[in-house]
Protein chains: 2
Amino acid sequence: MKAARAVLEFLKGSGVKHIFGIPAGSVNAFFDTLYDMPEIEPVVTKHEGAASYMAAAYAKYTGQMSVSIGCSGPGGTNLVTGAANAMREHLPVLFLTGAVPVNTMGLNASQELDAAPVFRTVTKYSVIVKEAKDLLPEIIKASQIAISGVPGPVHIAIPIDVQHAEVGNPDIPVLQERKPMIPNPETIQAAAKALMQRKDGCILVGQGVRGAVDSLIELAEMLNWPIVTTPQAKGYIPENHPLLIGVFGFAGHEAASNLINEGAGQALLVVGSSLGETATNNYNQNLTKDRFTVQLDFDQTVFNRKYEIDIPVLGDIHLSLLMMIEDLRVLGLSRGTAHLAFEENAMEGNESLVQDVEEYNTKNVLLNIQKLLPSNTRYTVDIGEFMAYVIHHMKVLDYDSYNINVHFGAMGVGIGSAIGSKLAEPERPVVCITGDGCFFMHGMEILTAKEQGLPILFVVMNNARLGMVYHGHSLQFKRTHPSFEQESVNIAEMAAAMRIPSFRVNGMDEISSDIIASLLNADGPAILEVALRDNNNPPMGDRVKFLSSFGK
Amino acid sequence: MKAARAVLEFLKGSGVKHIFGIPAGSVNAFFDTLYDMPEIEPVVTKHEGAASYMAAAYAKYTGQMSVSIGCSGPGGTNLVTGAANAMREHLPVLFLTGAVPVNTMGLNASQELDAAPVFRTVTKYSVIVKEAKDLLPEIIKASQIAISGVPGPVHIAIPIDVQHAEVGNPDIPVLQERKPMIPNPETIQAAAKALMQRKDGCILVGQGVRGAVDSLIELAEMLNWPIVTTPQAKGYIPENHPLLIGVFGFAGHEAASNLINEGAGQALLVVGSSLGETATNNYNQNLTKDRFTVQLDFDQTVFNRKYEIDIPVLGDIHLSLLMMIEDLRVLGLSRGTAHLAFEENAMEGNESLVQDVEEYNTKNVLLNIQKLLPSNTRYTVDIGEFMAYVIHHMKVLDYDSYNINVHFGAMGVGIGSAIGSKLAEPERPVVCITGDGCFFMHGMEILTAKEQGLPILFVVMNNARLGMVYHGHSLQFKRTHPSFEQESVNIAEMAAAMRIPSFRVNGMDEISSDIIASLLNADGPAILEVALRDNNNPPMGDRVKFLSSFGK
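Residues numbered from 1 in each chain as written. Chains lettered and ligands numbered in written order. Predicted model: local features only at pLDDT ≥ 70, side-chain atom pairs only at ≥ 80, totals over all residues. Heavy atoms only, no water.

(A) Inspection of the sheet that holds strand 1 (residues 18-21) of chain A at higher detail. All names here are of chain A. One open sheet accounts for 6 strands, arranged 2-1-3-4-6-5; its pairing is parallel. A strand with exactly one partner marks an edge of an open sheet, and here the two such strands are strand 2 (41-44) and strand 5 (125-128). Across the sheet, the axes of successive neighbouring strands diverge by a mean angle of 20°, strand direction being ignored. One ladder, built from 4 bridges, connects strand 5 with strand 6 (residues 154-159); its direction is parallel. Bridge pairing in strand 6 places Ser-126 opposite His-155. Contacting strand 4 (93-99), strand 5 and strand 6, helix 7 (residues 132-147) crosses the sheet at an angle of about 165° to strand 6. (Pairing = 2+ DSSP bridges. Helix = DSSP H or I, 4+ residues; strand = E, 2+ residues; numbered from the N terminus. Axes fitted to C-alpha atoms, helices over the stretch in contact; angles between N-to-C directions. Contact = heavy atoms within 4.5 Å.)

Structure (structure tokens):
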């Protein structure tokens, strides 16, 4: 068989069902082989960047490695943002790019580019394979790297001639499951003891808790400690849990800030957060001040970066939580005895429970739309001023219900993520919350959703400006450059031209259950455009404070 | 002043009038400073990738360094394709990206990414500047590198705190003009003598001839040798010049192939071509076989790559041509004595002169549209099957009239190039020839053109499939994957929703001078959509032969 076929057979055997990208001459062996392999469906996108976001979300919500493909040259470089995004999000994506034939390297063949070094710093592994016999082994090696340890993207560049070369009938193994990272039991025991010895404390939950939420809640209830989450971890702890205080960090809640800044807690347990800028309110030193700090993570590099950690626990977070629960049980703690004590504080000051139904503003629009959507809806949230409102105001009604990317913050990532999420979990309602800026960057992927027959609701907050930039400059400099204003476009009308169901909202009273239901029940994607220029300051003051602190 | 201001003062003083990109927190010092500096207008685009194409075309058509900007993280990585494109096209573009504050590096600040190594292999120079005192000197150094020797892109990553830091009132120099690369007079003399000694020969002209066309023609007329151009150099030699045979290479002309493959010429003069795949019909060995070969180029690395060059002449091409003309004159040749002898051969076999006005196909549509457009129209040509038709069939009616990118071949580059070209030369009519695939990748930049008030006609060849991929697979594999088909969208209707004048063509008789005139005379961009699925094989057989040669 051709080397390209061997690669696809390995991927097929390892459970890969979609490949996200754009075909071209330099990857034609792959796309031609797919003709004979209906088990793998290519999702051909409008821009490779969006393909890379889809692949990342698909990996996240299937729990498997996903695959993204682009041609030599521009197709490959168009995937770089997505590689960097997957790296930051610890998502295992195998990026395949075409390359010019080995004997034409350096001779300006069409779309020639040495992509391996370009990808090197934004992936865990990036190589070009110049001999056909090495291709399958390199793909297997890269795939194992992608899912091992701290998962992340990998990249293999494959020259055209290598793809087409005959490799006979090689043994095709399947991808070995990721080996769990088992934490040191003595470290866990020491941490459990140390935490128990403290009178009180709190728990900061990052997105590393994904897949271990039940255990986290069990542990929190045993300790009877309040929980705050990072913005990125919004959606993991149910809104109605009595120990949940709210979001700490970017666009977070005052109650959470108060707890961290003034709370008397003697200990802090950090679970699955790298303690980056947005998770810590700009590296707020109060977080660990006078607190005995335990941090659970599978990424060794996050310990003792900015904060001194008393006991770092390296290992898969779920395992660490399970072992710690067991140790606490042995030490005499049990679940549920005390957690009601916190009920009076629960969500105090969390403005998400307060609604102003009068004013046509971002907050009220988002809350009203949420009221009309199924409670198990997953929201994939794009980058813009609306993101701060989502984090601050929207409710957490079901598990794993938000996909928020305040880390790498690539505009349009919410659009690709919606498609990846829907393909991964077709039964779950998916709503993308995006803006006009993101829509004009990657919104044409709504056609990809249409081609795939994916019923996704795209809520486009259309303020005809780069709102986050506008508000950021407004707050920091008291003036804004006219270039932040954008052409005012009727996006619902554009959707109609694309034969995509749509509705344009111009006021609070236009958001009705009929409209939402009809858009949700379309047999493909739909657009709810919200025409609204919100001049309130979005709840993102901390980011502005951070930016303003330079040059003073 | 702030360090960011010093940078902008340097750019302003050096003639920079536009900065192409997207604002964000991590580059806010630049955008806020621009508020006080109306001499530099930011062109805020929908995707940074398109900004990078605009900047490249703007550099090309102004003959000056241009500037493109993006935020830390995704804004930066979104510029990588454009950097690689500018590198391949030898265009001096200064890429500026934001970076997280120096003291937060490695701490997961928002959008953190170490962009310098990502850009390193796709630029001439890529660094991060961590001290404010170094910023202006590094910008100056990078700018000089960009325009020196073989021009190309450079990249500087600038942390937020560095941008905002006070640097006092530094001396702000202006960018020094590029030092000409003066060829060795003895080499030129030897080359001139050697060429004169040959009974006959031919001239292969690449895009390096740009800016030296008159001298090239003078030289050709002195030697009385026929000229073939590379695909990328289409548009430099006027169609009606008696010595012009046509295009050799991708989508080229039979007469040019015959000349190279069977012509008796004893010599070959290569001017400004790297002799890459598309310029040489896949490294056709007949090009230099039994021919004494002289190659003029300013890029030392292009000599003796695939072809043995008897006399490589390193230097600015215009200078080399001027000096060679002088040497030939001294040796007794004069211009115009003999060139009529070739008249009988001129453009023989060049199918671009043959028209079939009956069939509604890509070729006839393009020729008919061209007939209705001003003769000085510049065509910026995107990537798709239509590109092969443009190269093969469209006429060269004026100087420098095509912008074709068969080298790096980034989809959507034609759209950005149209905008960069129009900003650089507002008086020249610009028509972008693009396809539905490219339109869905970067077509939202038509809103950028609208915001800038740029009257550009976008001709969108809409076949509702990835045509080049479709035909490539058809020809090579005799089958095509269903995923190459795209959602059929009425793009003219989308344009109408964007309040952009548009017309959808469904047959030959619908292309009228009235329609073209009304679209051309709009006060901003307009779209002529050509709904057409052309099942003829495009004239790109050589690319398919190249791809098919692997794995046989």
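From this point, things continue past the structure.
(B) Spatial organisation of the interface of chain A and chain B. Taken residue by residue, the interface counts 90 residues in chain A and 90 residues in chain B. Regarding the contact of chain A and chain B, the summed buried area is about 8,000 Å², with carbon and sulfur atoms giving 59% of it. Among the residues of chain A in contact with chain B, A:Asn108, A:Arg479 and A:Glu487 are the three that bury the most area, contributing 8% of the side total. The interface formed by chain A and chain B holds 8 salt bridges in total. Note that A:Glu487 and B:Lys450 form a salt bridge whose closest N and O atoms lie 2.6 Å from each other. Here chain A and chain B share 43 residue pairs in polar contact (both at pLDDT 80 or more) between them. Considered class by class, the residues forming the side of chain A that touches chain B number 40 nonpolar, 31 polar and 19 charged. (Buried area = accessible area lost by both parts, 1.4 Å probe. Salt bridge = Lys/Arg side-chain N within 4 Å of Asp/Glu carboxyl O. Polar contact = N/O pair within 3.5 Å; in protein donor to acceptor, adjacent residues only side chain to side chain. Nonpolar A, V, L, I, M, F, W, Y, C, P; charged D, E, K, R; others polar.)

(C) Quick look at the side chain of B:Asn78. Mapped onto the elements of the fold, B:Asn78 is located in the loop between helix 4 (74-77) and helix 5 (80-89). According to the relative accessible area criterion, B:Asn78 is buried, its value standing at 9%. At 2.7 Å, the side chain of B:Asn78 and the side chain of A:Thr81 are in polar contact. Aside from chain neighbours lying at most four places away, what touches B:Asn78 is A:Thr81, A:Met441, B:His47, B:Glu48 and B:Gly49. (Buried < 20%, exposed > 50% of the residue type's maximum accessible area, 1.4 Å probe, protein only.)

(D) Structural view of the relation of the copies chain A and chain B. When chain A is fitted to chain B, the best match, at an RMSD of 0.0 Å, comes from turning it 180° and sliding it 0.0 Å along the axis. Such values leave the two copies arranged in the relation of a two-fold axis. Both copies contact each other with a shared surface, as 100% of the interface residues of chain A are interface residues in chain B too. (Least-squares fit on C-alpha atoms with pLDDT ≥ 70 in both.)

(E) Up close: the packing of aromatic side chains. Residue and element names in this part refer to chain B. As enumerated under the stated definition, the model contains 10 aromatic pairs over all chains in all. Over the ring of Tyr-402 we find Lys-234, and its NZ or CZ is 5.6 Å from the ring centre. Lys-306 extends its terminal NZ or CZ atom over the ring of Tyr-283, reaching a point 5.4 Å from the ring centre. (Phe/Tyr/Trp six-rings, centres within 6.5 Å; stacked < 30°, edge-to-face > 60°. Lys NZ or Arg CZ within 6 Å of the ring centre and 35° of its normal.)

(F) Summary view of the environment of B:Gln476. Within the secondary structure, B:Gln476 is located in helix 18 (residues 467-477). C-alpha separation for the pair B:Gln476 and B:Asn224, spaced 252 residues apart in sequence, amounts to 40 Å. B:Gln476 has contacts with A:Asn28, A:His164, B:Val544, B:Leu547 and B:Ser548, leaving out every residue within four places of it along the chain. Among the polar contacts listed, one links the side chain of B:Gln476 to the side chain of A:Asn28, at a separation of 3.0 Å.

(G) Layout of the pattern of salt bridges. Residue and element names in this part refer to chain A. Per the counting criterion, the structure on display carries 40 salt bridges over all chains. Across the pair Asp-316 and Arg-178 runs a salt bridge whose closest N-O atoms are separated by 2.7 Å. Residue Asp-316 is found in the loop between strand 12 (311-314) and helix 12 (317-330), and its partner Arg-178 is found in the loop between helix 8 (160-164) and helix 9 (185-197); the two are separated by 138 residues along the sequence. Classification of Asp-316 by relative accessible area gives buried; the value is 12%. Judged by its relative accessible area of 25%, Arg-178 falls in the partly exposed class. Linking Arg-378 and Glu-425 is a salt bridge whose minimum nitrogen-to-oxygen distance equals 2.9 Å. Of this pair, Arg-378 sits in strand 13 (residues 378-381) while Glu-425 sits in the loop between helix 15 (413-424) and strand 15 (430-435), and the two are 47 residues apart along the sequence. Through salt bridges with shared partners, a single ionic network connects Glu-218, Glu-221, Glu-326, Arg-329 and Arg-335.

(H) Examining helix 11 (residues 254-262) of chain B more closely. Those residues of helix 11 of chain B not exposed but buried are B:Ala255, B:Ala256, B:Ser257, B:Leu259 and B:Ile260. Along its buried surface, helix 11 of chain B packs onto strand 7 (201-205), strand 8 (227-229) and strand 9 (244-247) of chain B.

(I) Just the confidence of the model for chain A, in detail. Residues and elements named next belong to chain A. Taken as a whole, chain A shows an average pLDDT of 94; of its residues, 96% reach a score of 70 or greater. Under a pLDDT of 50 for its full length, residues 338-355 has, in the predicted model, 40 contacts with residues more than four places off or in other chains. Reported confidence for the predicted complex is 0.96 by ipTM and 0.96 by pTM. (pLDDT = per-residue confidence, 0-100.)

(J) Highlighting the sheet that holds strand 9 of chain B. Residues and elements named next belong to chain B. The parallel open sheet is built from 6 strands, whose spatial order is 9-8-7-10-11-12. Either end of the sheet is taken by a strand with one partner, and the two such strands are strand 9 and strand 12 (311-314). Between one strand axis and the next, the sheet turns by 15° as a mean value, whatever way the strands run. Bridge count for strand 10 (residues 267-271) against strand 11 (residues 292-297) is 5 bridges, and the pairing is parallel. Within the sheet, the bridge partner assigned to Leu-268 lies in strand 11 and is Thr-293. Along the sheet face, helix 10 (residues 213-223) touches strand 7, strand 8 and strand 10 and points at about 170° away from the line of strand 7. Strand contacts of helix 12 (residues 317-330): strand 10, strand 11 and strand 12, with the helix running at about 130° to strand 11, the strand carrying the most contacts.

(K) Representation of the side chain of A:Thr280 within the structure. Residue and element names in this part refer to chain A. Mapped onto the elements of the fold, Thr-280 is located in the loop between strand 10 (267-271) and strand 11 (292-297). For Thr-280, a relative accessible area of 0% gives the class buried. Here the side chain of Thr-280 touches Gly-276 through a polar contact of 2.8 Å, landing on its backbone oxygen. In terms of polar contacts, Thr-280 uses its side chain to reach the backbone amide nitrogen of Tyr-283, at 2.7 Å. Apart from the residues lying within four places of it in its own chain, the contact partners of Thr-280 are Phe-248, Leu-275, Leu-287 and Tyr-307.

(L) How the structure looks around the packing of helix 9 of chain A against helix 12 of chain A. All names here are of chain A. Contact geometry for helix 9 and helix 12: axes closest at 9 Å, N-to-C directions at 55°. Considered as vectors, helix 9 and helix 12 are oriented oblique to each other. Crossing of helix 9 over helix 12 shows right-handed handedness. Across the interface between the two elements, Pro-185, Ile-188, Gln-189, Ala-191, Ala-192, Leu-195 and Met-196 from helix 9 touch Ser-320, Met-323, Met-324, Asp-327 and Leu-328 from helix 12. Partitioned by chemical class, the residues of the contact of helix 9 with helix 12 number 9 nonpolar, 2 polar and 1 charged. (Parallel < 35°, antiparallel > 145°, perpendicular 65-115°, else oblique. Left-handed = near helix turned anticlockwise from the far one by under 90°.)

(M) Highlighting the environment of B:Lys545. Residues and elements named next belong to chain B. Inspection of the secondary structure puts Lys-545 in helix 21 (residues 541-548). Its relative accessible area of 59% is what places Lys-545 among the exposed residues. The sequence separation of Lys-545 and Leu-287 amounts to 258 residues, and the corresponding C-alpha distance is 17 Å.

(N) Representation of the pairing of strand 10 of chain B in the model. Residues and elements named next belong to chain B. Of all 5 residues that make up strand 10, 5 are buried, and the element is covered over most of its length. Pairing between strand 7 and strand 10: 5 bridges, direction parallel. Opposite Gly-201, over in strand 10, you have Ala-267 as the bridge partner.

(O) Geometry of the pairing of strand 13 (residues 378-381) of chain B. Residue and element names in this part refer to chain B. Where burial is concerned, the two faces of strand 13 agree: the one with Arg-378 and Thr-380 and the one with Tyr-379 and Val-381 are both buried. Sheet analysis places strand 13 next to strand 15 (residues 430-435), joined by 4 bridges and oriented parallel. Bridging across to strand 15, Val-381 finds its partner in Ile-433. For the crossover from strand 13 across helix 14 (residues 385-393) to strand 14 (residues 402-404), the handedness is right-handed. (Right-handed = clockwise from strand over helix to strand, strands pointing away.)

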